[in-house]
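If you want the building blocks of each chain, they are given just below.
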Amino acid sequence: MSTAAGPALFGTAFLAIEHLPATPLWNAVFRVLPAGLVLIAFRPALPHGVWWLRMVVLGVLNFAAFFGCQAVAAHRLPGGVVSTIAAAQCVVVPLVVLTFGQRLGARQFTAPVLGLIGVGLLVLRGGLWTDTTGIVAAAALALLSATGMVLTRRWGVPASVHPLSAVAWQMLAGGLILVPLAGAFEGVPPSLTLSQLAATAWLSIPATALAFALFFGGLYRGVESTTASRLMLLGPVVAVALGWVFAAERLTVLQLAGVLLVLAAQFGGLERGGAANGSARTEGEHGSLADVDGQVRPPVFVGSDARLDRAE
């Protein structure tokens, strides 16, 4: 499934981040803005009407707030703690979905808990972590990313625009919001060495542009947000596997058990007979947009390519 390739690419970011300067907000700017420019170059289009606001909202939730909270949490908490708290978005997503009146089966609640335990076994280490600001930032990261995921799936994209254009505008909106924050908290942009430029290029193109295009493309094609949130748990699995292969890190029995739990969560959350869809679903079929009142709205994007060339 191409949607799962997105979180797998996210997992490769951990090795690249180690080579970046200690300016997490500027690192996020260098990661998000070029990614948005690359995607919009492939599928140029302009938002119109209500979609200007929606792209800003999704840009804040999925990119600006995501990377901003991640930066704060990473400076105050161990990486394993941040990853585990952030992974709690898979538990938050079903609760957000319920607020929109969509019915869910019991597996949509039990499978995420199983996966979250697996991530904890994978990345948590001993020691106390009592930094309140860091914990709040990581918790906000989980809540905001979960909300952004549900809204991305719920709003969809109009039939006249390619999903790449929608993802690109989210990135551009989020990146532009991050620029003044980075300037205020970290000063002028850092100078990057050749190795840092290479790491930034990897983060921006494969681990952000391609990763989010695949992941959000799955949401736009009809993958449920509850399923997508569990797929995000594959990121820590890939990160641990890369550390084992390239950094000679040892895998413990608990970590292997964590991998099995994460994989079990992917299959355990599958509902039989479409029970997870629910009769109160308000999303349009084939990528069209349906608002809360259930009425499908006409396309509101204009661009140079009006065809919907979705990848199968």
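**Q** How do you make sense of the overall build of the protein chain when you look at a structure like this?
**A** In terms of regular secondary structure, the protein chain is built from 13 helices and two strands. The 312 residues of the protein chain split such that 52% are buried. If you take every contact in the protein chain between residues at least 6 apart in sequence, the share linking residues at least 24 apart comes to 90%. A total of about 14,100 Å² of accessible surface is found on the protein chain, and carbon and sulfur atoms cover 70% of it.

**Q** Sorry if this is basic, but what is going on with helix 9 (residues 163–186) here?
**A** Given 3.6 residues per turn, any residue in an α-helix points the same way as the ones three and four places further on. Counted at 1.5 Å a residue, the expected span for helix 9 with its 24 residues is 34 Å, and the 33 Å between its end C-alpha atoms agrees. Directly beyond the C-terminal end of helix 9, a positive phi value near 80 degrees is found at Gly187.

**Q** What's the story with the side chain of Arg31 in this structure? I'm lost.
**A** Mapped onto the elements, Arg31 comes out in helix 3 (residues 24–42). Residue classification places Arg31 among the buried residues on the basis of a relative accessible area of 8%. In this structure, Arg31 is in contact with Ala13, Ile17, Phe67, Leu203, Ser204, Ala207 and Thr208, ignoring residues within four places of it in sequence.

**Q** Explain the packing of aromatic side chains to me, please; I cannot follow it from the model alone.
**A** How two aromatic rings sit relative to each other is set out by the distance from centre to centre and by the angle between their planes. Under the criterion given, the structure shown has nine aromatic pairs. Judged by centre distance (4.8 Å) and plane angle (50 degrees), the rings of Phe10 and Phe212 are tilted. Of this pair, Phe10 sits in helix 1 (residues 2–11) while Phe212 sits in helix 10 (residues 194–221), placing them 202 residues apart in sequence. Among the residues examined, Phe10 registers a relative accessible area of 13% and is labelled buried. When the centroid spacing of 6.3 Å and the interplanar angle of 85 degrees are considered together, the rings of Phe63 and Phe216 count as edge-to-face. A residue pair is termed long-range when its members are at least 10 positions apart, and Phe63 in helix 4 (residues 50–76) and Phe216 in helix 10 qualify at 153 residues. Taking relative accessible area as the criterion, Phe63 reaches 0% and is therefore assigned buried.

**Q** It is not clear to me how a nonpolar patch on the surface should be interpreted in this structure. Could you clarify?
**A** Together, Trp244, Val245, Leu251 and Leu256 line one region of the surface with nonpolar side chains, adding up to about 390 Å² of accessible area. Topologically, Trp244 is positioned in helix 12 (residues 234–246).

**Q** Teacher, can you tell me more about the pattern of salt bridges here?
**A** Side-chain pairs of opposite charge can arise where the charged atoms are in close proximity. Applying the stated criterion across every chain, the model contains one salt bridge. The partner of Arg153 in a salt bridge is Glu224, with the nearest N and O atoms 3.8 Å apart. In this pair, Arg153 is assigned in helix 8 (residues 132–155) and Glu224 in the loop between helix 10 and helix 11 (225–231), connecting sequence segments 71 residues apart. Given the relative accessible area of 4%, Arg153 is considered buried. On the basis of relative accessibility, which here comes to 10%, the residue Glu224 falls in the buried class.

The rules behind the values
Residues numbered from 1 in each chain as written. Predicted model: local features only at pLDDT ≥ 70, side-chain atom pairs only at ≥ 80, totals over all residues. Heavy atoms only, no water. Helix = DSSP H or I, 4+ residues; strand = E, 2+ residues; numbered from the N terminus. Buried < 20%, exposed > 50% of the residue type's maximum accessible area, 1.4 Å probe, protein only. Contact = heavy atoms within 4.5 Å. Areas by Shrake-Rupley, 256 points an atom, 1.4 Å probe, with all protein chains shown as cover. Expected span 1.5 Å × (residues − 1). Phe/Tyr/Trp six-rings, centres within 6.5 Å; stacked < 30°, edge-to-face > 60°. Patch = residues over 30% accessible without salt bridge, like charges linked within 9 Å, V, L, I, M, F, W, Y side chains within 5 Å. Salt bridge = Lys/Arg side-chain N within 4 Å of Asp/Glu carboxyl O.

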